[in-house]
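Descriptive structure summary
In case you want the letters, here they are:
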Amino acid sequence: MKIILLKERNEWLATKLVAADSDMMFAGVVAGNNPGHVWADNAINPSTAIVWSSGLEGFNFMGSANNTFFNQSIASFIDHDIIPFLRDKKIDSFEFSVDTDDWYPAIYQFIGNRKIDESFQYVYKSNLNNHESLCLNHVVPYQAVEIDQAFALELMNGEMKNADFLLTYIGQYWGALDNFLEKGYGYAALTANKEVASLAISSAMYGSTHAIGAETLEDYQRQGLSSSLVKLLLHKFNEKQIIAWWDCMESNIASQKTAEKAGLCKTHRYKINWFHF
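Below or above, wherever it landed, is the structure these notes cover.

Reading the values: rules and limits
- Residues numbered from 1 in each chain as written.
- Predicted model: local features only at pLDDT ≥ 70, side-chain atom pairs only at ≥ 80, totals over all residues.
- Heavy atoms only, no water.
- Phe/Tyr/Trp six-rings, centres within 6.5 Å; stacked < 30°, edge-to-face > 60°.
- Helix = DSSP H or I, 4+ residues; strand = E, 2+ residues; numbered from the N terminus.
- Buried < 20%, exposed > 50% of the residue type's maximum accessible area, 1.4 Å probe, protein only.
- Pairing = 2+ DSSP bridges.
- Core = buried A, V, L, I, M, F, W, Y, C linked by side-chain atoms within 4.5 Å.
- Contact = heavy atoms within 4.5 Å.
- Right-handed = clockwise from strand over helix to strand, strands pointing away.
- Arc of directions from axis to C-beta.
- Polar contact = N/O pair within 3.5 Å; in protein donor to acceptor, adjacent residues only side chain to side chain.

**Thoughts on the packing of aromatic side chains**
All told, the structure shown has 16 aromatic pairs when counted by the stated rule. Between Phe-61 and Phe-96, the ring centres sit 5.7 Å apart and the planes meet at 90 degrees, which makes this aromatic pair edge-to-face. Of this pair, Phe-61 sits in strand β4 (residues 58–63) while Phe-96 sits in strand β5 (residues 93–98), and the two are 35 residues apart along the sequence. Accessibility classification places Phe-61 together with Phe-96 in one group, the buried group.

Here is the structure:
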């Protein structure tokens, strides 16, 4: 018996592996909403898994942390399956988080001979019970537009000067633009000559929670574009009864300020671990 790559990711699998406090970015992968892979102990009745998020380019240990078979297989699986998988992607480190701290004794026991570095992430969320009206900032002299079917048509017709910026970002988290348009929401700030200067989108989805991804091109930073677009996106989320999830590095003060300006509340922090190979 060995750790196996599951062929299907769906809501049934999510009921087996996702817990109330799971990282929703990885929960979205397990449920089949967002691109990635799930390796588990069993295809018929999985109880333990390691999940790869293509968007985050990292792994998460999910499910039962007390699965002796799985835990004893971790080191060999990383050496023979995961490291070659990462090398194919030109990635030279194994980055991981865990659903619960119960995982750490087993992980340190079986791969603790490696030098494991760590840092912390903050998670911010919106509160659906907060009925305060959001102050929607204008993005003058830019134009804020919703990334919907009409926008996608303009994009694919070559009417945007840097369509690749937006398509690459969406592709990283959703695999394809159509998948995003079916399940996610987003806004872009356009310059007068139709260049995408900034974007804020649903970057993952699980249940009624959507993660937020935001990026502004360097030439247009420090103008408040990200926080303005995030506020527009939060307004849409409120309309749709969607809870927002914002994840950022503890060291990324700018990202924390963007979240706070948009009215999101810090809920918890968690640890990211990695080692180089």
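**Quick look at the sheet that holds strand β10 (residues 209–216)**
With mixed pairing, the twelve strands of this open sheet are ordered in space as β1-β2-β3-β4-β5-β12-β6-β11-β10-β9-β8-β7. Bordering the open sheet on either side are β1 (4–5) and β7 (143–146), each of which pairs with just one other strand. For β10 and strand β11 (residues 243–249), the ladder comprises three bridges, and the chain directions are parallel. Paired with Ala-211 across the two strands is Trp-245, which belongs to β11.

**Let's talk about the nonpolar core**
In this structure, Ile-147, Phe-151, Leu-166, Ile-170, Phe-180 and Ile-201 are the most contacted members of the largest nonpolar core, which totals 30 residues. Looking at this core, the elements that each hand over two or more residues are α2 (24–30), α5 (149–156), α6 (163–174), α7 (177–183), β8 (186–190), β9 (196–206) and β12 (265–276). Tallying contributions element by element places α6 first for this core, with seven residues. For Ile-147, the residues in contact, after removing those within four places along its chain, are Leu-166, Ile-170, Phe-180, Leu-181, Gly-186, Tyr-187, Ala-188 and Ile-201.

**Let's talk about the pairing of β10**
Buried residues dominate β10, accounting for six of its eight residues. The antiparallel pairing of β9 with β10 creates a hairpin that spans two residues between the two strands, and Gly-207 there sits at a positive phi of about 60 degrees. Once you follow β10 into helix α8 (residues 225–239) and on to β11, the crossover reads as right-handed.

**Concerning α5**
Of the positions making up α5, those classed as buried are Phe-151, Ala-152 and Leu-155. Considered in projection along α5, the buried side chains sweep an arc of 100 degrees and stay on one side of the axis. Facing away from the buried side of α5 by more than 90 degrees, the exposed set consists of Gln-149 and Leu-153. Where α5 is buried, its residues meet β7, α6, α7 and β8. Residue Asp-148 occupies the N-cap position of α5, its side-chain oxygen lying 3.3 Å from the main-chain nitrogen of Ala-150.

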